[in-house]
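Read off the chains here:
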Amino acid sequence: MTFRFLHLADLHLDTHFGGRSLAKERLRAATSEAFRRAVDFALEERLHAVLVAGDLFDDPCLSLHTELELARAVQRLAEAGIAFVWTCGNHDPGGKTKRASGLALDRATEDEPWRERVRVFRGPQPERFIVKDASGAPVGVVVGAGHSTDREDKNLAADFPRLATDLPVVGLLHTQVESALSAEHHDRFAPSSPADFERQGYAYWALGHVHVRQRAVPDLPVWYAGNLQGRNPRETGAKGGLLVEAEPGVPAEPVFVPFAPVRWETLALSELEGVDTAAALADLVEARIAKLQGTVDEELAVRLELTGPCPLAARLKRAGELDAFEEEAIERTGVVEVQLRTRGLRVPYDLADLLESPSVLSKAFELAAGARDDDRLLERLAPAVLAGLPADADEPERRAYLRDLLAGIEDELVERCLGKEPV
Amino acid sequence: MRFLRLDFRSFGVLRDHVFELNPGVSVVYGPNETGKSTFLCALETVLFGFEPSTRAAHPIAVFAEGTALHSDLHVEAELELDSGTVRVERVLLQRGQLRVVPAGEAFTGARESNRPLYEVQGVTRELFRCVYALSSADLVELADDVREDVDQLLLGEHSVPGMRPTYRVRAELAEEASQLWRHDNRGKPRSATLNAAIREARKAVNVARREEAALHEAVKEKRALELELVALRERQRRLEREESDAAFLAELADLAARRAEARPVDLALLDGAQLVAPKELGREIRAIEHKLAEPRARLARDPFAETPAEHAVLARASVIDGHVRSRGRYEADGEALAGARERARTLERDAAARWTRLAGRPPGPEDLAQLARFPLAGLRAAQESWAKDWEAHTARPTAANHTAVPAWVLLVGVAGAILAALGSFAVVHAALGALGVLALLAALVVALRRPGAAAEAPSPPERSADVDRCLAGLELEPALRATPSSVLRLIDQLEALGDELGELSEARERAEELAQSLAAREEEWLALANELAIDDAGAGEIALARLEDALARARERRDEVLADAADRTRAQTLVDAYLPELERHRAHLHDLHALLREHAPDAQDPAAAFALVERHLEAERYLATRAAELRADPRWTLLSGDPRLARPEADDAPWLPARARERKEELRAIELEVERQHHRFGELAERLRSDEGSRVARAQERQLALEVELDELRVTRDRVALLERLLAEADRVHRDENQPDVLRRASGYLESITAGRYTHLDYAIGAADGLHVTVQGRTDPIPVAPPLSRGTRDQIYLCLRLGLLDHLDEGRPALPLVLDETLVHWDAERRAELYPLLARVAERRQIFILTCHENLAREVESALAAGIIDLGAIVPKQQSLQFD
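Caption draft 1: Representation of the overall build of chain A in the model. Summing up its helical and strand segments, chain A has 11 helices and 17 strands in all. Principal axes of the C-alpha set define a box for chain A whose edges measure 85 × 50 × 40 Å. Sequence-distant contacts, at least 24 apart, represent 69% of the contacts inside chain A between residues at least 6 apart. Carbon and sulfur atoms make up 49% of the accessible area of chain A, which amounts to about 18100 Å² in all.

So, in structure tokens, the structure goes:
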């Protein structure tokens, strides 16, 4: 018997976004829309189950509106004979006082027998759930464990049992596999290592937490589905779920199915020495985005990394100017969002000329370069009070912070010392 | 450059007065408003010209307008320069004018414009005012419009073309940093605004959470309302049902109450009889006895009986009735007999006539007998044969074939004859007899109409032997046998004659039969009359009449007997019928009396007792009727067993008016409550319908955006602050390595007047660390700002100014230094330290010390051998002017 299911993770319903109001609203709607698409896909494909590997919603205060939408979607699945299995993550922990416990999706009643097809793994102890097809015949076993708190630090994967069954077994967990790509961008909750997934012999592991879709452990069927809809410029590319057809004792190979209606992409723009007017830069940006639009099906949200010398550098680094330019780009291209990053941009200057004769500027360059290696010099240059550093930060943190501040400071020195006088 | 002499021709309060000035140090002393500022203004005017340059705008000239003072300003000075002594004249008429002449010469020629002296070039008026002419406040703070110039002097030369002054960039950075963030939040930095906004955003998040919770509460409230509404509806339905049931329940309660009061009458005492009034029952008993009187009398009389003769007649009544019934047939037979006889006579006449026509004579008895045997069929065959022959000869058909009479014709004829005979003798029914006659006649007709054997036509046609042979016994007219056709006509005549003779025979036989039948009946009648001993029986029909009369009389008698028997039977029936009834009535009356005694023992008489019992029964009947009516009502099934009926005395019995009022009020209250809840329900539904969701996320987005902005702002601030520090350090190092001349000179002065306690002056532009001084024995310079004492700071600033003056005056005559109350904050010890320095300075430049303090004036006079100008002694106070 083949156990066919959809592996979703990190839906983050009701998430809060950064950026412009319109973009935020579109991204919020896109998150719900992606979930609806996933549900419709499961119904059309007559799958056996939809597995959600944690972080179904973003905040403990899930809105009533979203809760009702979620309940309706789950009911649609369950009434069509499709199981809905959800394990709790750090955003939607399942402790008794937590929000996920209040969502009694799996509390079957006489009036609502469909809830028998719903299962929520709320606690750290692994539990099993037998998935049945529409006729009631068992097709697979899901073993899952959930986060009971929003700071689960126990290795949950290590406790997953090996099962003796003829049915395909699938592990469902919200975990940070330490070796996973981009794991460093996520909090270290329910940490696990590749060795934790070797001994169970499961046909598939459906993981959540890391938002980059990937095989989490080489040579093993351990997969992150990635989040359902990219939420910020770091979460680029197509987003969706993994369609899995699991056979007993055979490592399953999932197939990616895109669901996200909005796609984040990052574009790098350099060689801007000749771009000396806003119109020229806008034309360049429009052309690059249009080219990208031709290659994807989704709506686009774009981050543009502007680097190198540019005559517009000083202007573009002013907040008001940047906002206006981004608005202009959105208007021209029709994309959901445009974000410009100008930190790598600098006014054009010849460093050799600047350093040719002794001056305050050349001395400042000399000091900045020295401070990157010399802690004493760094401390001498440091402001007496730092606003952006926690009061309890230790020395290494403080120095790292200060050195971060030094990044690209020469460009800024040049801009400020050689730029025009402010009006 | 030193002022040797000042001649105030007309300059505000100072006019027509000449001051000889000490070339070293001069102390200008005078109380307030005695012209110290005017004196200073005159020094400045001599060097730089009038400012403003028009009389209309110059404050001293304007002040003089309308007073005793002269509005034209005129001052002359004698200056010692490196090149010699000169005289300078400054006059403000409409505009300021200048004349410079060597000492000892008179002012001649045209005046120049209001220009500065060549000897002060490179020093602006503003710079002179702030640097050369120091007031107490000016010592520490430089005016903004000269500060930049001074800073340029302090900071040294820039080596990068187009680079902005470092102090300005630093100032911008410091300003930007403090506008972004300050740890003490002074000056309302952006971070404070953001923090406030974040607090508001957090509150908004909490509000959103509460709103979301309120939505959940609204859902709960909506569900609770639904349940409450259901409960209210149920209560309303219950009350409405109670309202609708109340009337019926009232009826049931009334019925129950009446039942409770009812006195049931035990009609079983009447043994199934109905309850009637005793008087009525007695009347009925009497009526029955009256009805029994007549039957009883009838039964008492003897019954009627028949005589034996009547009995015998009645015994043969059926026979007699049969005879009487056959009287009609008897009479018909008589008439038939007469008819048959008449018919026979007619047929006989007709046959005789036909024969006479054939034979030409009346027939004899033999003729008719012979004719009866005549072989008509043979004749017909002979005729046909003859006719054929005849036709064969004449080509005309002459005869048809004749066949013999079939057997069935004979059989019919015989049977008909037998039936006719039997009918004539009344052996069989007359109708059968008549049918027999008809059958006989038909057989005869058929037999007679059958063609006989072909007569032998004469051959050739004139004769037929067969015909002749057939007709041999008959004496007929010859013409009748002449041709086949004549023979054929003969045959027809003979056939008709035969038929007539047959009918005649039948008629005769019938007449005979009828005559015999009639006679037999008459004999039978007579015999019966004789048997019944009927007198005078007579013959024929008379006997029958006698029998009929006797039978009628016997029957009348029998009817009388039967009627009498019926009367008796009826009487007996009546007696049998009424007697039990009478007995029953009597028993009924007995039972009735017993019942009345039982249920109305106190009644005075049976009628009263009966009336009472009847009332009880009436009540019972009413109850039964009412109960039946109520049972017929569909509500009976639902309400007859209502427990509230069991306690009719309860205050909340539904049919009570008070309860009805309560119920009405409660229903009204429920309606109002339902309306209110509907309204609330609608509000909640609308609220839930209009909920767009993600409220908390939106609020968090606002908070997040602000927090991100604050984080970025902090980083930006730190970066800006770091930039400023970096620039400051670079500037300091750069200046250390390339220290400006001003600071070098100032440091020298400072070290001199502090006896080496402060060694080094350093300067940078910034919010917190402008001028720094290095203390002997310390490496880090300390800012020239509190907590450094005001006196020390004044010393430092004075040294800085002196260094600055030296720098500015490098390469040209040193301009005078004016200290306007500069030493007022200095204690005696510090002043004592200062005087040697001033003495040294005075070697190079003239010093004017302006003060209102006489002690200070005298101290300076003695310490520095200064000349004293006592303005208070010269200018009356009321004429004084004040200038800022």
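What follows picks up the thread again.
Caption draft 2: The overall build of chain B, seen in detail. Counting its secondary structure elements, chain B contains 26 helices and 14 strands. Burial status across chain B gives 44% buried among its 884 residues. Long-range pairs, those at least 24 residues apart, make up 71% of the contacts in chain B between residues at least 6 apart in sequence. In the form shown here, chain B has an accessible surface area of approximately 44500 Å², with 53% of it arising from carbon and sulfur atoms.

Caption draft 3: Fine view of the side chain of E265 of chain A. Residues and elements named next belong to chain A. Residue placement: E265 occurs in strand β15 (residues 262-269). Given the relative accessible area of 15%, E265 is considered buried. Looking at E265, its side chain comes within polar contact range of the side chain of R263, at 2.7 Å.

Caption draft 4: Structural view of the sheet that holds strand β12 (residues 222-224) of chain A. All names here are of chain A. Here we have 6 strands laid out as an open sheet, ordered β5-β6-β7-β10-β12-β11, and mixed in their pairing. Edge positions in the sheet fall to β5 (127-132) and β11 (214-217), since each has one partner strand and no second. Taken over all neighbouring pairs, the strand axes of this sheet differ in orientation by 30° on average, direction set aside. Sheet topology note: the β5/strand β6 (residues 138-145) ladder contains 6 bridges and is antiparallel. Looking across to β6, one finds that R128 is bridged to V143.

Caption draft 5: Just the sheet that holds strand β2 (residues 17-20) of chain B, in detail. Residues and elements named next belong to chain B. One open sheet holds the 5 strands; their spatial order is β2-β1-β4-β5-β6, and the pairing between them is antiparallel. For this open sheet the edge positions go to β2 and β6 (96-102), each flanked by a neighbour on one side alone. Going from strand to strand, the sheet's axes swing by 15° on average, the running direction of each strand aside. Of the strand pairs in this sheet, strand β5 (residues 84-92) and β6 are connected by 7 bridges, and their pairing is antiparallel. Looking at the pairing, E89 lines up with R99 of β6. The strands touched by helix α1 (residues 36-48) within the sheet are β1 (2-10), β2, β4 (73-81) and β5, with β1 carrying the most contacts at an inclination of about 105°.

Caption draft 6: Highlighting the domain arrangement of chain A. All names here are of chain A. Annotation of chain A at the domain level lists domain 1 (3-260), domain 2 (263-346) and domain 3 (351-418). In total, domain 1 and domain 2 occlude about 1200 Å² of area from one another, counting both sides; carbon and sulfur atoms represent 51% of this. Area buried by domain 1 at its contact with domain 2 is led by R20, R26 and P233, which between them contribute 48% of it. Here domain 1 and domain 2 share 1 salt bridge between them. The partner of R26 in a salt bridge is E299, and the shortest N-O contact between them spans 2.5 Å.

Caption draft 7: Layout of the packing of aromatic side chains. The final tally for this structure, using the stated rule, is 17 aromatic pairs over all chains. With a centroid separation of 5.0 Å and an interplanar angle of 45°, the aromatic rings of F160 of chain A and W205 of chain A are classed as tilted. Of this pair, F160 of chain A sits in the loop between β6 and β7 (169-174) while W205 of chain A sits in strand β10 (residues 204-208); the two residues are 45 residues apart in sequence, bridging distant segments of the chain. By the burial criterion, F160 of chain A is buried, and W205 of chain A matches it. A cation over a ring is seen here: R115 of chain B above Y118 of chain B, with NZ or CZ 3.9 Å from the ring centre.

Caption draft 8: Seen up close, the pairing of strand β13 (residues 240-246) of chain A. All names here are of chain A. Burial analysis of β13 places 6 of its 7 residues in the buried class, which makes it a mostly covered element. Pairing of strand β1 (residues 3-8) with β13 involves 5 bridges; the strand directions are antiparallel. Within β13, the position partnered with F5 by the bridge is V244.

Caption draft 9: Expanded view of the interface of chain A and chain B. Taken residue by residue, the interface counts 53 residues in chain A and 50 residues in chain B. Taken together, the two surfaces of chain A and chain B that pack against each other cover about 4400 Å², and 61% of this comes from carbon and sulfur. Looking at the side of chain A facing chain B, the largest losses of area belong to L64, V360 and R416 of chain A, adding up to 17% of the total buried there. Where chain A packs against chain B, one counts 6 salt bridges. Residue E412 of chain A is joined to R719 of chain B by a salt bridge in which the shortest nitrogen-to-oxygen separation is 2.6 Å. Put simply, chain A and chain B have 24 residue pairs in polar contact (both at pLDDT 80 or more) between them. Of all the secondary-structure elements, those providing two or more residues to the side of chain A that touches chain B are α1 (21-44), α2 (64-79), α8 (360-371), α9 (375-381), α10 (395-406) and α11 (409-418) of chain A. Split into classes, the residues belonging to the side of chain A that touches chain B amount to 28 nonpolar, 10 polar and 15 charged.

Caption draft 10: Representation of the pattern of salt bridges. Using the criterion set out here, one finds 101 salt bridges over all chains in the structure. Here R188 of chain A makes a salt bridge to E178 of chain A, at a shortest N to O gap of 2.6 Å. Note that R188 of chain A is positioned in the loop between β8 (176-177) and β9 (191-192) and E178 of chain A in the loop between β8 and β9, a separation of 10 residues in sequence. Since its relative accessible area comes to 52%, R188 of chain A is described here as exposed. Taking relative accessible area as the criterion, E178 of chain A reaches 42% and is therefore assigned partly exposed. The salt bridge involving E172 of chain B is made with R164 of chain B; its shortest N-O contact spans 2.0 Å. Several salt bridges share partner residues, and in doing so they unite E242, E243, D642, R644, R659, E662 and R663 of chain B into one network.

Caption draft 11: Expanded view of the packing of α1 of chain B against helix α3 (residues 125-132) of chain B. Residue and element names in this part refer to chain B. At a minimum axis distance of 11 Å, the contact between α1 and α3 shows a crossing angle of 140°. Relative to α3, the crossing made by α1 is right-handed. Across the interface between the two elements, E44, L47 and F48 of α1 pack against R125, F128 and R129 of α3.

Caption draft 12: Highlighting a nonpolar patch on the surface. Side chains of V414, I418 and L422 of chain B sit close together on the surface and give an oily, nonpolar patch of about 240 Å² of accessible area. Within the secondary structure, I418 of chain B is located in helix α14 (residues 407-424).

Caption draft 13: Looking closely at the confidence of the model for chain A. Summarising the model, chain A shows a mean pLDDT of 91, and 99% of its residues fall at 70 or more. When pLDDT is averaged over each element of chain A, strand β2 (residues 49-52) of chain A comes out on top at 98 and helix α7 (residues 351-356) of chain A at the bottom at 76.

Caption draft 14: Summary view of helix α6 (residues 166-180) of chain B. Residue and element names in this part refer to chain B. Along its 15 residues, α6 runs 21 Å from first to last C-alpha, staying within 8% of the 21 Å computed at 1.5 Å per residue. Taken residue by residue, α6 has T166, Y167, V169, R170, L173, A174, A177 and L180 as its buried positions. Viewed end-on, α6 has its buried residues packed into an arc of 160°, placing them on one side of the element.

Caption draft 15: Examining the nonpolar core more closely. With 88 residues, the main nonpolar core has F3, L6 and F39 of chain B as its most contacted residues. If one sorts the elements of this core by residue count, helix α24 (residues 790-808) of chain B sits on top with 9 residues. The residues touching F39 of chain B, leaving out its near neighbours within four places in the chain, are L6, F8, L14, F19, L21, V28, F848 and I869 of chain B. Core analysis: the next-biggest nonpolar cluster, separate from the first, contains 71 residues, L300 and A387 of chain A together with L180 and V720 of chain B among them.

Caption draft 16: Expanded view of unusual backbone geometry. All names here are of chain B. For the bond running from E51 to P52, omega is 0°, close enough to zero to count as cis. Relative to the helices and strands, P52 resides in the loop between α1 and α2 (59-64). One non-glycine residue with positive phi stands out, namely A533, at about 55°. Within the element layout of this structure, A533 appears in the loop between α17 (484-531) and α18 (541-599).

Basis of the calculations
For every chain, the first residue of its written sequence is number 1, and the numbers climb from 1 along that sequence. Labels are handed out in written order, letters beginning with A for the chains and numbers beginning with 1 for the ligands. Side-chain atom pairs in this predicted model are given and counted only at pLDDT of 80 or more, local residue features only at pLDDT of at least 70, and totals for whole chains, interfaces and linings cover all residues. Note that the side-chain values use all heavy atoms of the structure and ignore hydrogens as well as water. The numbering of helices and of strands both runs from the N terminus, where a helix is a DSSP run of H or I of at least 4 residues and a strand a run of E of at least 2. Should any heavy atoms of two residues lie within 4.5 Å, those residues are considered in contact. Only the protein chains shown count as cover for residues, with accessible areas throughout obtained via the Shrake-Rupley method and a probe of 1.4 Å. Type-normalised accessible area, obtained with a 1.4 Å probe on protein chains alone, sets the label of each residue: buried when under 20%, exposed when over 50%, and partly exposed for intermediate values. Definition of a polar contact: a pair of N or O atoms within 3.5 Å, with one able to donate and the other able to accept a hydrogen when the atoms are protein atoms, and with sequence-neighbouring residues admitted only if both atoms are side-chain atoms. Note on pairing: DSSP must find at least two bridges between two strands before they are called paired. Every axis in this analysis is a line fitted to C-alpha atoms, fitted for helices over the stretch in contact. Angles between the N-to-C directions lie between 0 and 180 degrees. Domain delimitation in this document rests on an assignment produced automatically or drawn from a domain database. When two components associate, each loses some accessible surface as probed by a 1.4 Å sphere; the sum of these losses over both components is called the buried area. Salt bridges, as used here, are contacts in which a Lys or Arg side-chain nitrogen is within 4 Å of a carboxyl oxygen on Asp or Glu. In this scheme Phe, Tyr and Trp rings, the latter by its six-membered ring, pair at centre separations within 6.5 Å, and the angle between planes marks the pair as stacked below 30 degrees, edge-to-face above 60, and tilted otherwise. Whether a charge lies above a ring is judged from NZ of Lys or CZ of Arg, which has to be within 6 Å of the ring centre and within 35 degrees of the ring normal. Classification convention: Asp, Glu, Lys, Arg as charged; Ala, Val, Leu, Ile, Met, Phe, Trp, Tyr, Cys, Pro as nonpolar; all other residues, Gly among them, as polar. Each crossing gets its hand from how the near helix is turned against the far one by less than a right angle, where anticlockwise is left-handed and clockwise is right-handed. Here the term patch refers to residues with relative accessible area over 30% and no salt bridge, with like charges joined within 9 Å and nonpolar side chains (Val, Leu, Ile, Met, Phe, Trp, Tyr) within 5 Å. Here pLDDT means the predictor's own confidence in every residue, given as a number from 0 to 100. Here the expected span of a helix is defined as 1.5 Å times the quantity of residues minus one. Note that the arc is computed from the directions linking the helix axis to the C-beta atoms. Nine residue types can take part in a nonpolar core, namely buried Ala, Val, Leu, Ile, Met, Phe, Trp, Tyr and Cys, and a core is a set of them joined through side-chain atoms within 4.5 Å.

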